[in-house]
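Residue-level structural notes
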Amino acid sequence: MVVPAPDLPARVRIHEVGARDGLQNEKIAVPTEVKAEFIRRLADAGLTTVEATSFVHPKWVPQLADAEELFPRVRDLSGVALPVLVPNRRGLERALALGADRIAVFASATESFAKANLNRTVDESLSVFEPVVREAKDAGAHVRGYVSMCFGDPWEGAVPLHQVARVCTALRDMGCDELSLGDTIGVATPGHVQELLNLLNEEGVPTDEIGVHFHDTYGQALANTYAALEHGVTTVDASAGGLGGCPYAKSATGNLATEDLVWMLHGLGIETGVDLARLTATSVWMAAHLDRPSPSRTVRALSHKEQ
């Protein structure tokens, strides 16, 4: 039953991360053709932004070592944006050589996570990203800046809001078109989300350039998403079937499941363009390849009803 709530966006763009963030931690190598079929099925379900892969060194993320083989198999999908993550200029060169036109860089709001994930300080990592963003923009690419540990850090605890804002404004000043605020270990609560969004607006970052990326460690991902919607955010990251976590933050559980997000949005009368039945079938299909059930509550509920 659709019951709209007042003052929420009419439409939300889901930034699907299952094929990259969702699969990157899988211990068993997922065949390239399975990944390509996963992306095609996600697109067929109506998702218009599907993050395809990462051009990181294979030593760091072995699951994504097939980026050069995978991306050409999906790059011609009609009407679908296929962002790719790049860690440095070499990664950018590899991505641009294959025709990628949407690039993402991955920064940290905390020193501990920057050291663990990037092997650099926050400022050193920003210095690395500056030429990457500039060259990507010179090549005509759209650039997204991920900011991890925006709400809490497993080593440092609560993260001061001004610390997050400093990294966000630095990425925006470099030329990033969009920022994704990551609750990497899933500790945010709705008031915290609103406070950070208010501060970013005060610092000159408009809401229409902000996306949110929540993990469901404490069951708060949908509540936090709702708080962001109330603020006017219209881009929400999610992972089909709730796949994913973070290899450098062991307390991080899965991403917000795309199906759970779509169920809530559609119930609020918010358009997504996503066919929930096709999306659920896709996650069931991928779960079979991974030989385990999907953690998404919506996937489990709808799959049970069909049996």
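Here is a short report on the structure shown in this document. These figures come from a predicted structure and were not determined experimentally.

Some thoughts on the overall build of the protein chain
- Scanning the protein chain from terminus to terminus reveals 12 helices and 11 strands.
- Its C-alpha atoms give the protein chain principal-axis dimensions of about 55 × 45 × 35 Å.
- Across the protein chain, contacts joining residues at least 24 apart in sequence account for 76% of those joining residues at least 6 apart.
- Accessible surface, the protein chain: about 12,700 Å² in total, of which carbon and sulfur atoms supply 52%.
- For the protein chain, the distance from the average site of its 27 positive side-chain charges to the average site of its 40 negative ones is 6 Å.

Examining the pairing of strand S11 (residues 235-238)
- Burial along S11 is two-sided: the residues Thr235 and Asp237 and Val236 and Ala238 are all buried.
- With 4 bridges connecting them, strand S1 (residues 13-16) and S11 associate as parallel partners. Directly across from Glu16, in S11, lies its bridge partner Ala238.
- Pairing between strand S10 (residues 210-214) and S11: 2 bridges, direction parallel. Directly across from Val212, in S11, lies its bridge partner Val236.
- Taken together, S10, helix H9 (residues 221-231) and S11 form a β-α-β motif whose crossover is right-handed.

Some details on unusual backbone geometry
- At Met149, a position not held by glycine, the phi torsion is positive, near 55 degrees.
- In the Ramachandran plot, Asp291 falls in the positive-phi region, its phi being about 60 degrees despite a non-glycine side chain.
- With respect to the helices and strands, the residue Asp291 is situated in the loop between helix H11 (276-290) and helix H12 (297-306).

Quick look at the side chain of Asp260
- Tracing the backbone shows Asp260 in helix H10 (residues 258-267).
- We note that Asp260 is buried and unpaired, the nearest opposite charge coming from Arg297 at a distance of 4.8 Å.
- With residues near it in sequence (within four places) discarded, Asp260 still touches Leu222, Ser296, Arg297 and Thr298.

A few points about the pairing of S10
- Burial of S10 is extensive: 5 of the 5 residues sit out of reach of the surface.
- By the alternation rule, side chains of S10 split into Ile210, Val212 and Phe214 and Gly211 and His213, which are all buried.
- Direction of pairing for strand S9 (residues 178-183) relative to S10: parallel, over a ladder of 5 bridges. The residue of S10 that forms the bridge with Ser180 is Gly211.
- Handedness of the crossover joining S9 and S10 through helix H8 (residues 190-202) is recorded here as right-handed.

Some remarks on the packing of helix H2 (residues 32-44) against helix H3 (residues 67-74)
- With their axes 9 Å apart at the nearest point, H2 and H3 run at an angle of 35 degrees to one another. Judged by the twist between their axes, the crossing of H2 over H3 is right-handed. Packed against H2, whose contacting residues are Thr32, Glu33, Lys35, Ala36, Ile39 and Arg40, the element H3 presents Glu69, Leu70, Arg73 and Val74 at the interface.

Comments concerning the state of the cysteines
- Per the counting criterion, the structure on display carries 0 disulfides.
- The thiol of Cys168 is unpaired, and the distance to the nearest cysteine sulfur, on Cys150, comes to 5.4 Å.
- Of the cysteine sulfurs around Cys176, a residue in no disulfide, the closest is that of Cys168, at 9.8 Å.
- Relative accessible area serves as the criterion here: at 5%, Cys176 is assigned to the buried category.

Describing the nonpolar core
- The biggest cluster of nonpolar side chains holds 89 residues, and the ones touching the most others in it are Ile14, Phe38, Ile103 and Leu171.
- Setting aside residues up to four positions removed in sequence, Leu171 forms contacts with Val105, Ala107, Leu126, Gly145, Tyr146, Val147, Cys176 and Leu179.

Quick look at H9
- Looking at H9, one finds that the buried residues are Ala221, Asn224, Thr225, Ala227, Ala228, Leu229 and His231.
- Residues of H9 that are buried sit in contact with S9, H8, S10, S11 and H10.
- Positive phi appears at Gly232, one or two residues downstream of H9, with a value of about 110 degrees.

Conventions we followed
Residues numbered from 1 in each chain as written. Predicted model: local features only at pLDDT ≥ 70, side-chain atom pairs only at ≥ 80, totals over all residues. Heavy atoms only, no water. Helix = DSSP H or I, 4+ residues; strand = E, 2+ residues; numbered from the N terminus. Contact = heavy atoms within 4.5 Å. Areas by Shrake-Rupley, 256 points an atom, 1.4 Å probe, with all protein chains shown as cover. Lys, Arg positive; Asp, Glu negative; His and termini not counted. Charge placed at Lys NZ, Arg CZ, Asp CG, Glu CD. Buried < 20%, exposed > 50% of the residue type's maximum accessible area, 1.4 Å probe, protein only. Pairing = 2+ DSSP bridges. Right-handed = clockwise from strand over helix to strand, strands pointing away. Salt bridge = Lys/Arg side-chain N within 4 Å of Asp/Glu carboxyl O. Axes fitted to C-alpha atoms, helices over the stretch in contact; angles between N-to-C directions. Left-handed = near helix turned anticlockwise from the far one by under 90°. Disulfide = S-S within 2.5 Å. Core = buried A, V, L, I, M, F, W, Y, C linked by side-chain atoms within 4.5 Å.

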